[in-house]
Amino acid sequence: QVQLVESGGGLVQSGGSLRLSCAASGTANIFYSHLMAWYRQAPGKHREFVAHISPVGNINYADFVKGRFIISRDNAQNTVYLQMNGLKPEDTAVYYCNAISVNREYWGQGTQVTVFS
């Protein structure tokens, strides 16, 4: 059973940076078989896509984070990162790690990011 554990959230001032981590366990080489993604959910809103990285390394971002956020992974550490720069109050949300393959999907428990102005 795959487990995803996010960390790195917190309270940050507008314009600041945070780096989120998603540690995957329960299966070897998960990045070679799963698309790894970050989503977020703000209070009262639907969960929305933020960024993903494919098994072959293709990367895609939501328009509202392009140029500010960077997704990366460390295959040896089985960890996916989300470097968030230039944070804005509207980035405040719970950020979730997601792993999806042809027939499986997994979610982490989420980590809270709060940006104050």
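Below you will find a few notes about this structure. Fair warning: this is a prediction, and the values are worked out from it, not measured in the lab.

1. Looking at the overall build of the chain
Per the secondary structure count, the chain includes 0 helices and 11 strands. Computed over its C-alpha atoms, the radius of gyration of the chain comes to 13 Å, within 12% of the 13 Å expected for a compact globule of 117 residues. Its C-alpha atoms give the chain principal-axis dimensions of about 40 × 25 × 25 Å. Residues classed as buried in the chain amount to 44% of the 117 residues present. A total accessible area of about 6100 Å² is found for the chain, and carbon and sulfur atoms account for 49% of it. Between the averaged position of the 9 positive side-chain charges in the chain and that of its 7 negative side-chain charges there is a distance of 1 Å.

2. Examining the side chain of S101
Here S101 lies in the loop between β9 (93-100) and β10 (105-107). Residue classification places S101 among the buried positions, given a relative accessible area of 19%. When near neighbours in sequence (up to four residues on either side) are disregarded, S101 contacts S33 and H34.

3. Observations regarding the packing of aromatic side chains
If you walk through the whole model with that rule in mind, you get 3 aromatic pairs. Measuring from ring centre to ring centre gives 5.8 Å for Y39 and F49, while their planes differ by 75°; the resulting arrangement is edge-to-face. Residue Y39 is located in strand β4 (residues 35-41), and its partner F49 is located in strand β5 (residues 48-53); the two are separated by 10 residues in the primary sequence. Taking relative accessible area as the criterion, F49 reaches 23% and is therefore assigned partly exposed. Between Y39 and W107, the ring centres sit 5.1 Å apart and the planes meet at 65°, which makes this aromatic pair edge-to-face. Of this pair, Y39 sits in strand β4 while W107 sits in strand β10; the two residues are 68 residues apart in sequence, bridging distant segments of the chain. Here W107 falls in the partly exposed class, since its relative accessible area comes to 34%. Feature note: the residues Y39, F49, Y96 and W107 constitute an aromatic cluster, connected by ring pairs. When the ring centre of Y96 is taken as reference, the NZ or CZ atom of R47 above it lies at 3.7 Å. Against the face of W107 rests R47, its NZ or CZ located 4.6 Å from the ring centre.

4. So, the pairing of strand β3 (residues 18-25)
One ladder, built from 5 bridges, connects strand β1 (residues 3-7) with β3; its direction is antiparallel. Note on β3: the bridge partner recorded for V5 is A23. Of the strand pairs in this sheet, β3 and strand β8 (residues 79-84) are connected by 6 bridges, and their pairing is antiparallel. Residue pairing in the sheet places S21 in a bridge with Y81 of β8.

Basis of the calculations
Residues numbered from 1 in each chain as written. Predicted model: local features only at pLDDT ≥ 70, side-chain atom pairs only at ≥ 80, totals over all residues. Heavy atoms only, no water. Helix = DSSP H or I, 4+ residues; strand = E, 2+ residues; numbered from the N terminus. Rg over C-alpha atoms; globule rule 2.2 N^0.38 Å. Buried < 20%, exposed > 50% of the residue type's maximum accessible area, 1.4 Å probe, protein only. Areas by Shrake-Rupley, 256 points an atom, 1.4 Å probe, with all protein chains shown as cover. Lys, Arg positive; Asp, Glu negative; His and termini not counted. Charge placed at Lys NZ, Arg CZ, Asp CG, Glu CD. Contact = heavy atoms within 4.5 Å. Phe/Tyr/Trp six-rings, centres within 6.5 Å; stacked < 30°, edge-to-face > 60°. Lys NZ or Arg CZ within 6 Å of the ring centre and 35° of its normal. Pairing = 2+ DSSP bridges.

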